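# Descriptive structure summary
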Amino acid sequence: MESVIIEKQYGQPLLGALVQADGVLFRVWAPNAKNVDLIFQYDDIRRPLDAVDGDYFETLVKDCKAGERYYFSIDQSSLMPDPASRFQPEGVHGPSQVVDPSEYQWNDAEWPGVERSKLVFYELHVGTFSSEGTYRGVQQKLPHLKSLGVTAIELMPLGEFAGRWNWGYDAVALYAPFHGYGSPDDLRALVDAAHSMGMAVYLDVVYNHFGPDGCYAISFGKFFSEKHHSPWGQGINLDDLHSEGVRNYFIGNALHWLNEYHFDGLRLDATHTLLDESDFHFLAQLRDSIDSLEGPHRYLIAEDARNDAQLIRLRSEGGFGLHGVWSDDFHHQVRNLIAGDDDGYFAGFSGTTAEEIAANLKQGWFHAGQPSRNLREPRGSPTGGLSLEHFVIYIQNHDQIGNRATGERLNHDVSLSMYRTATALLLFVPETPLLFMGQEWAASTPFCFFTDHHQELGRLVSEGRKQEFGEFAGFKRTIPDPQDPQTFKQSKLNWDELEWPNHANMLNLYRDLLQLRRALEGPFDVIAHGEKSLTLKRGHHGLLVALGENLRIPLADSPQILLTTEDERYTSHSVQPVREAQGVYFAQPSAIVYYEK
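Presented here is a report on the structure given in the accompanying data block. (Residues numbered from 1 in each chain as written. Predicted model: local features only at pLDDT ≥ 70, side-chain atom pairs only at ≥ 80, totals over all residues. Heavy atoms only, no water.)

Counting across every chain of the model gives 32 salt bridges. As a salt-bridge pair, Asp 413 and Arg 404 come within 3.6 Å of each other at their nearest N and O atoms. Note on Arg 404: relative accessible area 15%, which makes it buried. Ionic pairing is found between Glu 456 and Arg 459, a salt bridge with its closest N-O pair at 2.5 Å. With a gap of three residues between them, Glu 456 and Arg 459 both fall in helix H13 (residues 455-468), about one helical turn apart. A relative accessible area of 37% places Arg 459 in the partly exposed class. When salt bridges with common partners are traced through the structure, they connect Arg 335, Asp 341, Arg 404, Glu 408 and Asp 413 into a single cluster. (Salt bridge = Lys/Arg side-chain N within 4 Å of Asp/Glu carboxyl O. Buried < 20%, exposed > 50% of the residue type's maximum accessible area, 1.4 Å probe, protein only. Helix = DSSP H or I, 4+ residues; strand = E, 2+ residues; numbered from the N terminus.)

Rendered as structure tokens:
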């Protein structure tokens, strides 16, 4: 893969500070401006940009080089960073810095990518994944991820945000990787190193809103529309006056990450809030745009609450052509069945049975057009004709841990035997699995919601966090203050735990199951037995799952037992299921993987 600068996409120019052979071309989309000036940090000279095609302004500064810091000014106003800044070394309110992506010498020219059918995602937050909290800190842990057996790392959003730490969904400079994690080339080195080990790298991107502090982009153009609203206020302008420039800004951002940083794909945050009534939906345009890139296939994965199959149906079939979608239903079903969660949105899954989990696993999600229990209205659409690898499933992710009041993980709320059993179920099925950092060793550390906003905004965030859990009637515990530095610090993984027996044993299970997963192939089927038991088949491999105690599951013939989740290798308190004439008796939650001869 070679890094190249594409001068135009969809007939529209690229944005930002673009390094040329004879200088730097500064270009900005600013339909709100009559004139735009460029001001370098080292002097007070205002250099006017030329108007181009009405909405764009640009100028070429000869002899300018990478490393220069600059601002823009609209109509003689105060200084503002570039909305398409490639780096903000002094934070969201500081100057932008010119970055030359061609200076980094890539080593992944022969990188073939990872096929969608072989993806096993590992989601992580750069700031809490390692003690350093940097791109280099993640890079040092790559051997662990390789030995674990994951094939794709998914980084939570990296766009520049205000403060010292944040989940990343409050980004305001979407083209600039957060300076607190390291330099742009540190990020490139991380991706490069992952490719050298055979792992893809995906990035979570947010196109449905901007963060509340330092959002200078809205001073340049009409990014919001009065036609639409989202959970964050006005909706993004994808189909109103000046929407062409807005769409170009976001599509340019996607191509920026895929091209200049060699990311293998993007996870698109909350696509159900990207409201677009135009004839050419933004998501379809985004999907088409990535075909312009050379090298291995890049994939787009949506996070969407609607269970909408149009997202992943082919463009030729009237769909948007995305390559996958997060499917929450499996997580909610498992949480309800094994941990008893039934407050808030879990109410729609109250009383989940093994038969309903089986239906989910056969079609990718559970709600496919039938009424949900809590909303009493139809939800979702049928998935006929779609392969199960389109659906990304999990028993934990950043939302489903961090949006719990105290950031507790699944292993904090269920027994380790139940946790092992749910893990076997997750990693056996044909759907694309996603793990959240630390899941593989049942990390004891929480993953809390944390921010570092200025005092007044921080106060509002803290108060809002407390009010958020009003609908969870049974919740009585103290909620960690997002603004307290300790909330961030306690969310960092403790890698010393890998030396502790229970955690090391759990890691053994994850490694063995992921190694086994690579051998699974053939037709898939799943059958429920009673309320809490399942038999799954993938070709000659089978899995018996007991999501409860004192359960019997039929087992025909005498297959070769490959592992049980209660083997001594995985637990210091092994309680093995008992083979009987009519099947297998499970005294406690556990699973058996077998091979039919």
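Alignment of strand E4 (residues 23-29) against strand E8 (residues 56-62), held across seven bridges, turns out to be antiparallel. In the sheet register, Leu 25 faces E8, and the bridge partner there is Leu 60. Across three bridges, strand E7 (residues 50-52) lies against E8 in antiparallel orientation. Directly across from Ala 51, in E8, lies its bridge partner Phe 57. The hairpin turn running from E7 into E8, its antiparallel successor, is three residues long, and Asp 53 in that turn takes a positive phi close to 50°. (Pairing = 2+ DSSP bridges.)

Burial analysis of helix H7 (residues 282-289) places seven of its eight residues in the buried class, the great majority of the element. The set of residues buried in H7 consists of Phe 282, Leu 283, Ala 284, Gln 285, Leu 286, Arg 287 and Ser 289. Turning to H7, the residues buried within the fold contact helix H6 (243-260), strand E18 (265-268) and strand E19 (299-303). (Contact = heavy atoms within 4.5 Å.)

All quantities given are derived from atomic positions and should not be read as evidence of function.
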